[in-house]
Amino acid sequence: VGQYMERFYPTAFVVPNIIPENDSLYIPSTNRNEGIYFAPTFKHSAWTHRWETKAAPEVMKILNLLKKEINAKIISLNNKPLNDALKIKQGSEIVIDDLITGSYHISSLEGLSMGKPVLSYLDERTKFILSELSGSNECPFVNVRLEEAYEILSFLLDNKNIIKEIGKSSRKWIEKYWSEKILIRQYVKLYEDLLDNPEK
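Residues numbered from 1 in each chain as written. Predicted model: local features only at pLDDT ≥ 70, side-chain atom pairs only at ≥ 80, totals over all residues. Heavy atoms only, no water.

(A) Seen up close, the nonpolar core. Counting 24 residues, the largest nonpolar core has Y37, Y104, L112, L130, F141, W173 and W178 as the members making the most contacts within it. Elements with a contribution of two residues or more to this core: α2 (82-90), α3 (106-113), α4 (124-134) and α6 (160-177). Judged by nonpolar contacts, the second largest core, of 22 residues, contains F38, I100, V144 and A149. (Core = buried A, V, L, I, M, F, W, Y, C linked by side-chain atoms within 4.5 Å. Buried < 20%, exposed > 50% of the residue type's maximum accessible area, 1.4 Å probe, protein only. Helix = DSSP H or I, 4+ residues; strand = E, 2+ residues; numbered from the N terminus.)

Given below as structure tokens:
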């Protein structure tokens, strides 16, 4: 898929990671949303692994500081069934994905679909691939490095109207550029090419 993995396979056909954006668990919540959602699969430090990290210790340090200073609600969980995790994320206000590797993950796409501001750091290669797959020159993420996260989160939590506006833009981007109906065409084309030109 067109995330960090694609750079390891230079001759591969790159495809998008599709999410069911109209499923009830992937749409914006109509209830009150609150809290910063951060649920890394691994607890590795930013400096111990190249790709299998979301800088959990470093991000949690920032989140705990925000909790202490402004009583920010922090939602951090591990090993929850997918449906439970999606429901919890759906009720959050902001989603943090990967601030360290230069890639995004399916968690980012879920957050965009739910109409959240999604903080993730995309390097130039990942932004290029995202643009090629989506046909959009607009990066839908709040493109933030780990070092900038505290300042950005503080600003967002102090400006709820901006959180809502970014969230609306997130959902609109998914509907316009990353919907199942649009992206499935790339898979159809791939299989047609395989049938017509298997030697390629």
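(B) Expanded view of helix α7 (residues 180-196). Taking 1.5 Å of rise per residue, the 17 residues of α7 would be expected to cover 24 Å, and the 24 Å separating its terminal C-alpha atoms lies within 8% of that figure. Along its buried surface, α7 packs onto α4 and α6. (Expected span 1.5 Å × (residues − 1). Contact = heavy atoms within 4.5 Å.)

(C) A look at the packing of α3 against α6. In the contact formed by α3 and α6, the axes pass within 7 Å of each other and the chain directions differ by 105°. With respect to α6, the element α3 is oriented roughly perpendicular. Seen from α3, the contacting residues are L109, L112 and S113; seen from α6, they are S170, R171, W173 and I174. By residue class, the composition of the contact of α3 with α6 is four nonpolar, two polar and one charged. (Axes fitted to C-alpha atoms, helices over the stretch in contact; angles between N-to-C directions. Parallel < 35°, antiparallel > 145°, perpendicular 65-115°, else oblique. Nonpolar A, V, L, I, M, F, W, Y, C, P; charged D, E, K, R; others polar.)

(D) Here's a closer look at the sheet that holds strand β5 (residues 142-143). With parallel pairing, five strands are arranged side by side in an open sheet as β2-β1-β3-β4-β5. Each edge of the open sheet carries a strand with a single partner, namely β2 (74-75) and β5. Sheet topology note: the strand β3 (residues 94-96)/strand β4 (residues 118-120) ladder contains two bridges and is parallel. By the bridge assignment, I96 is partnered in β4 with L119. (Pairing = 2+ DSSP bridges.)

(E) Geometry of the packing of aromatic side chains. Scanning all chains against the criterion turns up four aromatic pairs. Between W173 and W178, the ring centres sit 5.8 Å apart and the planes meet at 20°, which makes this aromatic pair stacked. No difference in accessibility class separates W173 from W178, as the two residues are buried. (Phe/Tyr/Trp six-rings, centres within 6.5 Å; stacked < 30°, edge-to-face > 60°.)

(F) The arrangement of helix α5 (residues 149-157) in detail. Of the positions making up α5, those classed as buried are A149, L153, L156 and L157. The arc enclosing the buried residues of α5, seen along the axis, measures out at 95°, which places them on a common side. Of the surrounding elements, those touching the buried residues of α5 are β1 (36-37), α1 (56-70), β3, β4 and α6. (Arc of directions from axis to C-beta.)

(G) Up close: the side chain of S136. Relative to the elements of secondary structure, S136 occurs in the loop between α4 and β5. Reaching out from S136, the side chain makes a polar contact with the backbone nitrogen of E138 at a distance of 3.0 Å. Setting aside anything within four residues of it in sequence, one finds S136 in contact with S131, W173 and Y177. (Polar contact = N/O pair within 3.5 Å; in protein donor to acceptor, adjacent residues only side chain to side chain.)

(H) Highlighting the pattern of salt bridges. One pass over the structure, following the stated rule, counts ten salt bridges. The closest approach of N and O atoms between K168 and E165, which form a salt bridge, is 3.8 Å. Taken together, the residues span about one helical turn, with K168 and E165 both in helix α6 at a distance of three residues. K189 serves as the salt-bridge partner of D193, at 2.8 Å between the closest nitrogen and oxygen. A residue pair is termed a helical-turn pair when its members lie 3 or 4 positions apart in one helix, as D193 and K189 do in helix α7 at four residues. Residue class for D193 comes out partly exposed when judged on its relative accessible area of 27%. (Salt bridge = Lys/Arg side-chain N within 4 Å of Asp/Glu carboxyl O.)

Don't take any of this as a statement about function, it's just geometry.
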